Each structure stands twice: as structure tokens, then as C-alpha cells.
Amino acid sequence: MQSSRVTSRPPAAPRSVAVRPARKVAIVVRADAAPEAAKPVGVEKTGPNFKALRDINQIMQTLPHRYPFLLVDRVVEWEKEKYAVGYKCVTANDNFFPGHFPERPIMPGVLQVEAMAQLAGLVMLDPEDTAAKGLFFFGGIEGCRFRKPVVPGDVLMMRAEVTKYNKRFGIVKVAATGYVGADLVVEAELTLAMGKP
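The structure presented is a predicted model; accordingly, all values stated were derived computationally and were not measured.

Caption draft 1: Just the overall build of the chain, in detail. A count of helices and strands for the chain gives two helices and six strands. Sequence-ordered secondary structure for the chain, helices as α and strands as β, is α-β-β-α-β-β-β-β. Relative to its full complement of 197 residues, the chain shows a buried share of 32%. By sequence separation, contacts in the chain at least 24 residues apart represent 63% of the contacts at least 6 residues apart. Carbon and sulfur atoms provide 55% of the accessible area of the chain, an area that totals close to 13,600 Å².

So, in C-alpha cells, the structure goes:
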């Protein structure tokens, strides 16, 4: 009888495999999109350019302010005599930066408050009512706090919400806040005095 011998081959040497580093891709999902619709989106498509409820031309038809003191670029939410959300795009070309300050440009706090007051005026003024155009005055500031500096390149997103409205005397109290991204940068309670057409 012959014996059969099984010979085994020595194991093959492991092959070297080149591994590519993974690409970093931002995933941006809109609140109204289905989860399965999440696709990579370039950062250039994720900027803070909100659809305007009132653009700059409509704002200028409502407010009497003009350059260099028109400080609301766009309104994105509005309910008459209730609230508004709007923003100011802060750029190095704004006329206050050469003097505030040349070495470290910062948007003056008083102009942040003025921007919120203009938005508060837009809360109270109906763009369809041309007789009431610009008929409000800044009456007071209480509890104002500046939390962080606002610098060129920031988008100062503001919310003005009516907390009290005395129609008989035309006095309006407004809770106003300003944000850069998720950071609260300014807050104040503003008083407006509404004029008579």
C-alpha cells in the first residue's frame, strides 16, 4: 500500500495595500428635507443668505433712514405689531470701521442698538401704510448688555419682539436681541414712541 503524502504550501506573503486618507465632506441637512436626502454640500452653498420677506428697497420704503445710518439689510420674518427677524451684513466697507478702531475694527455698540431699534420700527410699521412711513422715535434703552464684539464679516442677526404696546399713548416696549451665529452678542429692552400720521 502506498501512503499518500499531502504537502502544504507555505502561506503567501501579505500584499501591501495603499490606503487613501478619507475626504472630509460636510453634510448639511435642511429641516424640511427627508433624512435619506442628505447629500454632501460644499461650504460655498451653506452661507447665511435667507430669502427676504422685505428686501432693502422695501425697507427703504418703510424707514426714513438712509446711508450711512440704514442698518437693516433684510427682514426674513415679520408679524405686524408682534415681532420681526432681520439682519445686517457687517463688512469692512462700513463707514465706522476706519475710526472704530483702525487696528481692531469693531462695530460700535450704539450702532448695534440702533440697528435693533430700526428693526423694532419695522415691526410696528406696515409697509402698505405710506402715511405712517417712518413715524416712530427711539424713546429709551434699558438693560443693554454687549456680550461679544461684532467684527467685519459677521452677520448680525436680530430679533425684535413687542412685549407691551400702549396704543393710547403710542408707547411700545420691545425685547431686542442680536446674534452672530449661535452667540448672543447684544440684548436690550427698547422703548419706541409711535408718531401720529
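Caption draft 2: Structural detail: the side chain of His65. In this fold, His65 is placed in the loop between helix H1 (56–62) and strand S1 (74–79). Overall, His65 belongs to the buried group, its relative accessible area being 19%. Within the local environment of His65, its side chain forms a polar contact with the side chain of Glu114, the two groups lying 3.5 Å apart.

Caption draft 3: Molecular detail of the packing of aromatic side chains. Enumeration according to the criterion identifies two aromatic pairs in this entry. Note that Arg54 overlies the ring of Trp78, its terminal NZ or CZ placed 4.5 Å from the centroid.

Caption draft 4: Layout of the pattern of salt bridges. The final tally for this structure, using the stated rule, is eight salt bridges. Close ionic contact of Glu142 with Lys173 constitutes a salt bridge, the shortest N to O distance being 3.1 Å. Here Lys173 lies in strand S5 (residues 171–180) and Glu142 lies in strand S3 (residues 136–146), a separation of 31 residues in the sequence. For Glu142, a relative accessible area of 42% puts it in the partly exposed group. Here Lys173 ties to Glu189 by a salt bridge, and the two come within 3.9 Å at their closest N and O atoms.

Caption draft 5: Geometry of the sheet that holds strand S4 (residues 155–166). Strand order across the open sheet formed by six strands is S1-S2-S4-S5-S6-S3, with antiparallel pairing between neighbours. Across the chains shown, the open sheet's two edge strands, defined by having one partner strand only, are S1 and S3. The mean inter-strand angle of the sheet, taken between neighbouring strand axes irrespective of direction, is 20°. Where strand S2 (residues 83–89) meets S4, seven bridges bridge the pair, whose relative direction is antiparallel. The residue bridging Tyr87 from the neighbouring strand is Met157, located in S4.

Cut-offs applied
- Residues numbered from 1 in each chain as written.
- Predicted model: local features only at pLDDT ≥ 70, side-chain atom pairs only at ≥ 80, totals over all residues.
- Heavy atoms only, no water.
- Helix = DSSP H or I, 4+ residues; strand = E, 2+ residues; numbered from the N terminus.
- Buried < 20%, exposed > 50% of the residue type's maximum accessible area, 1.4 Å probe, protein only.
- Contact = heavy atoms within 4.5 Å.
- Areas by Shrake-Rupley, 256 points an atom, 1.4 Å probe, with all protein chains shown as cover.
- Polar contact = N/O pair within 3.5 Å; in protein donor to acceptor, adjacent residues only side chain to side chain.
- Phe/Tyr/Trp six-rings, centres within 6.5 Å; stacked < 30°, edge-to-face > 60°.
- Lys NZ or Arg CZ within 6 Å of the ring centre and 35° of its normal.
- Salt bridge = Lys/Arg side-chain N within 4 Å of Asp/Glu carboxyl O.
- Pairing = 2+ DSSP bridges.
- Axes fitted to C-alpha atoms, helices over the stretch in contact; angles between N-to-C directions.

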